[in-house]
Amino acid sequence: MKNKKLKINLTIQSGGMIQFSETGILPRFLVFNSPELRRTWRLKLIEDTQNGVLKVNGQIAFNYFFDGLGCNIQSITDGVVGDEWEIKEILRELRD
């Protein structure tokens, strides 16, 4: 998998009436999307600083490092850490 030209978009989603009505807290999610891979990953944002992995076909394909202000992605191919890049544009979406 050649990740150098791979584009991954990030949206921070806030909201969701079901969880808000049950807990009184607006849930937040990191939503990563790759048009080239035809994949979307939706991960609950638990803290302002968070890291984790994104899998493709059950295999770890990327590490992500989110610090509340930005997000870096690191490719993993056959267990070998590859390129790292920053997601330049992060969208924010409020849902009701």
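Overview of the structure. In this text, all values refer to a predicted model and were calculated from it rather than measured experimentally. Sequence order sets the numbering: in each chain, residues are counted from 1 along the sequence as written. A pLDDT threshold of at least 70 governs which residues receive local features in this predicted model, and a stricter bar of 80 or more applies before side-chain atom pairs are shown or counted, although totals over entire chains, interfaces and linings include all residues. In computing side-chain values, all of the structure's heavy atoms are included and hydrogens and water are not.

1. As for the packing of aromatic side chains
Link 1 in the chain: Here is the rule: rings of Phe, Tyr and Trp (six-membered ring for Trp) pair when centre to centre is within 6.5 Å. Planes less than 30 degrees apart are stacked, more than 60 are edge-to-face, and the remainder are tilted. In total, this model carries three aromatic pairs according to the counting rule given.
Link 2 in the chain: Both rings, one in F32 and one in Y64, keep their centres 5.1 Å apart while their planes meet at 45 degrees; by these two values the pair is tilted. Here F32, found in strand β2 (residues 28–34), pairs with Y64, found in strand β5 (residues 59–66); they are 32 residues apart in sequence, far enough to count as distant.
Link 3 in the chain: In this scheme, a residue with accessible area under 20% of its type's maximum is buried, one over 50% is exposed, and one in between is partly exposed, where area comes from a 1.4 Å probe on protein chains only. With relative accessibility at 4%, the residue Y64 sits in the buried group.
Link 4 in the chain: A connected cluster of aromatic rings, assembled from ring pairs, spans W41, F62 and W85.
Link 5 in the chain: Each ring is checked for a lysine NZ or an arginine CZ that lies within 6 Å of its centre and within 35 degrees of its normal; such an atom marks a charge sitting over the ring. A cation over an aromatic ring shows up here: R42 above the ring of F29, its NZ or CZ 3.7 Å from the ring centre. By the criteria applied, helices consist of DSSP H or I runs no shorter than four residues and strands consist of E runs no shorter than two, each listed in order from the N terminus.

2. Overview of the sheet that holds strand β3 (residues 39–44)
Link 1 in the chain: A pair of strands is considered paired only if DSSP assigns at least 2 bridges between the two. Overall, mixed pairing links the four strands, which are arranged β3-β2-β1-β8 in an open sheet. Pairing within the sheet leaves two strands with one partner each, and these edge strands are β3 and β8 (90–95). Adjacent strand axes in the sheet meet at a mean angle of 20 degrees when their direction is disregarded.
Link 2 in the chain: Alignment of strand β1 (residues 9–15) against β8, held across six bridges, turns out to be parallel. Among the inter-strand pairings, I12 is bridged to a residue of β8, identified as R92. Angles shown run from 0 to 180 degrees and are taken between the N-to-C directions of axes, each axis being a line fitted to C-alpha atoms and, for helices, limited to the stretch in contact.

3. Points about the pattern of salt bridges
Two side chains that carry opposite charge are able to pair once their charged atoms sit near each other.
Link 1 in the chain: A side-chain nitrogen of Lys or Arg and a carboxyl oxygen of Asp or Glu constitute a salt bridge if their distance falls within 4 Å. Per the counting criterion, the structure on display carries two salt bridges.
Link 2 in the chain: Between D48 and R28 there is a salt bridge, with the nearest N and O atoms lying 2.9 Å from each other. Within this pair, whereas D48 is found in the loop between β3 and β4 (50–56), its partner R28 is found in strand β2, the two being separated by 20 residues in sequence.
Link 3 in the chain: Under the relative-accessibility criterion, R28 is labelled partly exposed at 29%.

4. Some details on unusual backbone geometry
Link 1 in the chain: Residues other than glycine seldom take positive phi values, yet R38 does so here, at roughly 55 degrees.
Link 2 in the chain: A positive phi angle, close to 55 degrees, is found at N57, a residue other than glycine.
Link 3 in the chain: By the element assignment, N57 lies in the loop between β4 and β5.
Link 4 in the chain: Note on N57: relative accessible area 67%, which makes it exposed.

5. Section: the side chain of Q13
Link 1 in the chain: You can see Q13 is positioned in strand β1.
Link 2 in the chain: Since its relative accessible area comes to 8%, Q13 is described here as buried.
Link 3 in the chain: For the purposes of these results, a polar contact is taken to be a pair of N or O atoms within 3.5 Å, where, inside protein, one atom must be able to donate a hydrogen and its partner to accept one; residues adjacent in sequence count only when each atom of the pair is a side-chain atom. A polar side-chain atom of Q13 sits 3.1 Å from a polar atom in the side chain of R42.
Link 4 in the chain: One polar contact links Q13 to E93, side chain to side chain, over a distance of 3.0 Å.
Link 5 in the chain: Excluding anything up to four places from it in sequence, Q13 contacts P27, R28, F29, V31, R42, E93 and R95. Throughout, a contact is declared for two residues whenever any of their heavy atoms are within 4.5 Å.

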